[in-house]
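Examination of the molecular architecture
What follows is each chain in one-letter form.
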Amino acid sequence: SSAGTIIGISTGAGNDNIYSNTISNLTSTGGTTTTVTGIYVSAGTTKNVYQNVISGLTANSATTGNATTLLTVNGIWVLGGATVNLYENKISNLTANAISTGTINGIAITGGTTVAAYRNKIINIATASTAVGAGGVNGIRMSATTVSASTTIRNNIIGELVATAANNADPVRGINLFSSGTTSS
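Now for a quick tour of the structure. Everything numeric here is computed off the predicted structure, so don't read it as measured data. (Residues numbered from 1 in each chain as written. Predicted model: local features only at pLDDT ≥ 70, side-chain atom pairs only at ≥ 80, totals over all residues. Heavy atoms only, no water.)

**Some details on the packing of aromatic side chains**
Counted under the stated rule, the structure contains 4 aromatic pairs. Geometrically, the ring pair formed by Tyr 19 and Tyr 50 is stacked, given 4.9 Å between the ring centres and 5° between the ring planes. One end of the pair, Tyr 19, is in strand E3 (residues 16-19); the other, Tyr 50, is in strand E6 (residues 46-50), with 31 residues separating them in the sequence. Relative accessible area serves as the criterion here: at 15%, Tyr 50 is assigned to the buried category. For the ring pair Tyr 87 and Tyr 118, a centre distance of 5.3 Å and an interplane angle of 5° mean the geometry is stacked. Of this pair, Tyr 87 sits in strand E9 (residues 83-87) while Tyr 118 is found in strand E12 (residues 114-118), placing the two residues 31 residues apart along the sequence. (Phe/Tyr/Trp six-rings, centres within 6.5 Å; stacked < 30°, edge-to-face > 60°. Helix = DSSP H or I, 4+ residues; strand = E, 2+ residues; numbered from the N terminus. Buried < 20%, exposed > 50% of the residue type's maximum accessible area, 1.4 Å probe, protein only.)

**Quick word on the nonpolar core**
The biggest cluster of nonpolar side chains holds 33 residues, and the ones touching the most others in it are Ile 76, Leu 86 and Ile 107. Here this core gets 4 residues from one element, more than from any other, and that element is strand E8 (residues 70-78). Residues within four places of Leu 86 in sequence aside, it is in contact with Val 49, Ile 76, Val 78, Ile 107, Ala 116, Ala 117, Tyr 118 and Asn 120. (Core = buried A, V, L, I, M, F, W, Y, C linked by side-chain atoms within 4.5 Å. Contact = heavy atoms within 4.5 Å.)

**Section: the pattern of salt bridges**
All chains considered together, the criterion is met by 2 salt bridges. Two residues, Asp 16 and Lys 47, come together in a salt bridge whose shortest N-O distance is 2.4 Å. In this pair, Asp 16 is assigned in strand E3 and Lys 47 in strand E6, connecting sequence segments 31 residues apart. Look at Lys 47 and you get buried, because its relative accessible area is 0%. A salt bridge links Arg 119 to Glu 88; its shortest N-O distance comes to 3.0 Å. Here Arg 119 is found in the loop between E12 and strand E13 (121-127), whereas its partner Glu 88 is found in the loop between E9 and strand E10 (90-97), with 31 residues between them in sequence. (Salt bridge = Lys/Arg side-chain N within 4 Å of Asp/Glu carboxyl O.)

**Some remarks on the environment of Thr 83**
Along the chain, Thr 83 turns up in strand E9. Since its relative accessible area comes to 29%, Thr 83 is described here as partly exposed. Between the C-alpha atoms of Thr 83 and Asn 15, which are 68 residues apart in sequence, the distance is 9.4 Å. Excluding residues within four positions of it along the chain, Thr 83 makes contact with Thr 45, Thr 46, Lys 47 and Thr 114.

**A word on the side chain of Asn 48**
Considering the arrangement of structural elements, one finds Asn 48 in strand E6. Exposure remark for Asn 48: the relative accessible area of 16% places this residue in the buried category. A polar atom in the side chain of Asn 48 sits 3.0 Å from the side chain of Asn 17. Within the structure, Asn 48 has its side chain in polar contact with the side chain of Asn 85 (distance 2.9 Å). Leave out the neighbours within four places in its chain, and Asn 48 touches Asp 16, Asn 17, Ile 18, Asn 85 and Tyr 87. (Polar contact = N/O pair within 3.5 Å; in protein donor to acceptor, adjacent residues only side chain to side chain.)

**Examining the side chain of Thr 37**
With respect to the secondary-structure elements, Thr 37 resides in strand E5 (residues 33-41). Here Thr 37 is in contact with Ile 6, Ile 7, Gly 8, Leu 26, Leu 57, Asn 74, Gly 75 and Trp 77, once residues within four sequence places are set aside.

**Considering the pairing of E9**
By the criterion of burial, E9 is predominantly enclosed, with 4 of the 5 residues buried. Two strands pair when backbone bridges link them, and E9 and E12 are joined in this way by 5 bridges, in the parallel orientation. Paired with Thr 83 across the two strands is Thr 114, which belongs to E12. (Pairing = 2+ DSSP bridges.)

Listed below in structure tokens is the structure:
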């Protein structure tokens, strides 16, 4: 555990196969901006992320209650990469406490040229806060603005998503797609 940003595995340039890892019990003890991520893909040519077990990721605010805090928890976060394949990963027990702004994502796709997420199991993602002001709980969240972005999401199992104070502005979504790219399927 630590305050601030915590990343289990981070990868950048080159080609990588990241598989058969267990990433568990990563906990942020708080701060005004906190991000906890199991596997982070920031760049590279070909990235295959598969058959990993990611569980017990928690972001806590620096104060108790419903603080004005930006908390983000990602099982897997794709920020970049030419070709990124995410498959057969098991992601569970992701939480953020005292969240008023931010998101909890089993898989977050915010960049990359060609990204595929398939046959992943994402369960038990929750916030214990009673006042989620902006953000939400997502099994898979795709929000890319790259013009050439192509994302394929298929055959994933997503369940047990919970936000105590979910509303229309800050929903609970199994798959949340937002893209200004040319292709999303």
